[in-house]
Amino acid sequence: MNNLDTPPGQGAPLPTEPKRIAPRSPRAALEPERVPVPTRRSARARHPLVVVGNAIFTFLVLVVIVVGGAVWVGKQRLDDAGPLAEDKVVIIPRGAGIRDIADQLVREGVIDQPWTFVGAVLVRKAREDLKSGEYQFQKQATLGDVIATLIDGRVVQHALTMPEGLTSEQMVQRLLETDILAGNVREIPREGSLLPETYKVVRGTPREQVIQRMQQAQRRVLQEVWDHRMADLPLRTPEQLLTLASIVEKETGKPEERTRVAAVFVNRLKQRMRLQSDPTIIYGLVGGKGTLGRPIMRSEIDQPTPYNTYVIDGLPPGPIANPGRAALEAVANPARTKELFFVADGTGGHTFSETLDQHQRAVAKLRALEAAQRGEATAAPAAAAPAAAAAPAPARPAARRSQTQTR
């Protein structure tokens, strides 16, 4: 049978005709043969809540990225070295706002950008914690250090030193001359009620507050010393110890002599001898002024005043200065000696004696030394006189007379 007559599906398959490729224009060749049908978005994806949610999520992601970047940059700025080339003191006035503080720190060269400071403070929620006062910022202080200093209130502490032996009036005058303090003083404190010491104060501390601190310190120290006094001390009250300590304080400026000077006065009190202390003469004459500015005259030695221990028996009615802790302790526990006299030795110290005869020899030695010194001054070359006249030296306090001597 002829294959051409075989029906389809039966016998050998018919040969296929080759597919013809119709020529196409360049533009048509670039076009796809079939365009895919776009898929329709589901109704859920087109829901307004989903759209809003996606927008919020995207916004939050952006916020997190921005905030994270800002935090990273901010931390870098907090830890970077600041612009200060050297340590500097800056006074932040009371009532200054955060922007005022930032601008001042920029003017002073402590920081270089005010808004960085403001932003860091706001992030820490420390706007109300910034404190006024006097601050010392270290060289190249970081922004973090600057903010921490202001928050913690680490203000500059000034050392205020009040020397031993000043009267209360003299101490008040020193306080008034100290420009780091503020306010006035209502009245001169009671003599002997202030403890000479070095106190730490901040700029602007009221003077009355400093006086109160000094009074509290003196009461505390006096009670401590009184509680540890020698058993046979001829003093009945802490106030008497304070009075005698003020005399000891004025009699010597050498720490190693305090207990011996105290012993002389304690021995005299035990034997009911007059104390005969020159500083009590001066206080009886000038009071809280402290100094005469000249030698004591003979008539003043015999001049009766409540404080002149050449005239009165026992202790004066109160202190003649403000003694320090060392003088108080010297009186509470004086040296164990029998000495009853002492006189200046011409070198800043004193010669101590147990008997009047020894004391008189020490006085004679002092007089001879003073005479020799006057003779040397008189024998100075005349050529030096014009220079001295052109620039006279300031007057010096006269050397103390023989002290605690009987007449």
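Residues numbered from 1 in each chain as written. Predicted model: local features only at pLDDT ≥ 70, side-chain atom pairs only at ≥ 80, totals over all residues. Heavy atoms only, no water.

Side note on the pairing of strand β7 (residues 341–344)
Within a regular strand, side chains alternate between the sheet's two faces. Because side chains alternate across β7, one face comprises the buried residues Phe341 and Val343, and the other comprises Phe342 and Ala344, equally buried. Adjacent in sequence and paired antiparallel, β7 and strand β8 (residues 350–353) are bridged by 5 residues, among which glycine 346 carries a positive phi angle near 85 degrees. (Buried < 20%, exposed > 50% of the residue type's maximum accessible area, 1.4 Å probe, protein only. Helix = DSSP H or I, 4+ residues; strand = E, 2+ residues; numbered from the N terminus. Pairing = 2+ DSSP bridges.)

Focus on the side chain of serine 193
Looking at where serine 193 falls in the secondary structure, it is placed in the loop between β4 (181–182) and β5 (198–201). Excluding residues that lie within four positions of it along the chain, serine 193 makes contacts with Met214, Gln215, Gln218 and Asn322. (Contact = heavy atoms within 4.5 Å.)

Looking at the environment of arginine 260
Positionally, arginine 260 belongs in helix α9 (residues 258–270). For arginine 260, a relative accessible area of 32% corresponds to the partly exposed category. Excluding its chain neighbours within four sequence positions, the residues that come into contact with arginine 260 are Ala335, Glu339 and Phe352. Looking at arginine 260, its side chain comes within polar contact range of the side chain of glutamate 339, at 2.4 Å. (Polar contact = N/O pair within 3.5 Å; in protein donor to acceptor, adjacent residues only side chain to side chain.)

A few points about the packing of helix α8 (residues 238–251) against α9
Taken N-terminus to C-terminus, the directions of α8 and α9 make an angle of 130 degrees; their axes are 9 Å apart at the nearest point. On the basis of their axis angle, the class for α8 and α9 is oblique. For the pair α8 and α9, the sense of crossing is right-handed. Counted together, Leu244, Ile247, Val248, Glu249 and Glu251 of α8 and Arg258, Val261, Ala262, Phe265, Val266 and Leu269 of α9 form the full contact between these two elements. Its residues placed into classes, the contact of α8 with α9 shows 8 nonpolar, no polar and 3 charged. (Axes fitted to C-alpha atoms, helices over the stretch in contact; angles between N-to-C directions. Parallel < 35°, antiparallel > 145°, perpendicular 65-115°, else oblique. Left-handed = near helix turned anticlockwise from the far one by under 90°. Nonpolar A, V, L, I, M, F, W, Y, C, P; charged D, E, K, R; others polar.)

Quick notes on the nonpolar core
Core analysis: the largest hydrophobic core is formed by 48 residues, its most contacted members being Leu235, Leu241, Leu244, Phe265, Leu328 and Val331. Elements with a minimum of two residues in this core: α6 (168–177), β5, α7 (207–227), α8, α9 and α12 (325–332). Considering each element in turn, this core owes the most residues, 8 residues, to α7. When sequence neighbours within four positions are dropped, the list of residues in contact with valine 331 reads Leu233, Leu235, Leu241, Leu244, Ala245, Val248 and Ala262. Counting 24 residues, the second-largest nonpolar core is a separate cluster that includes Ile101, Val110, Val118 and Phe137. (Core = buried A, V, L, I, M, F, W, Y, C linked by side-chain atoms within 4.5 Å.)

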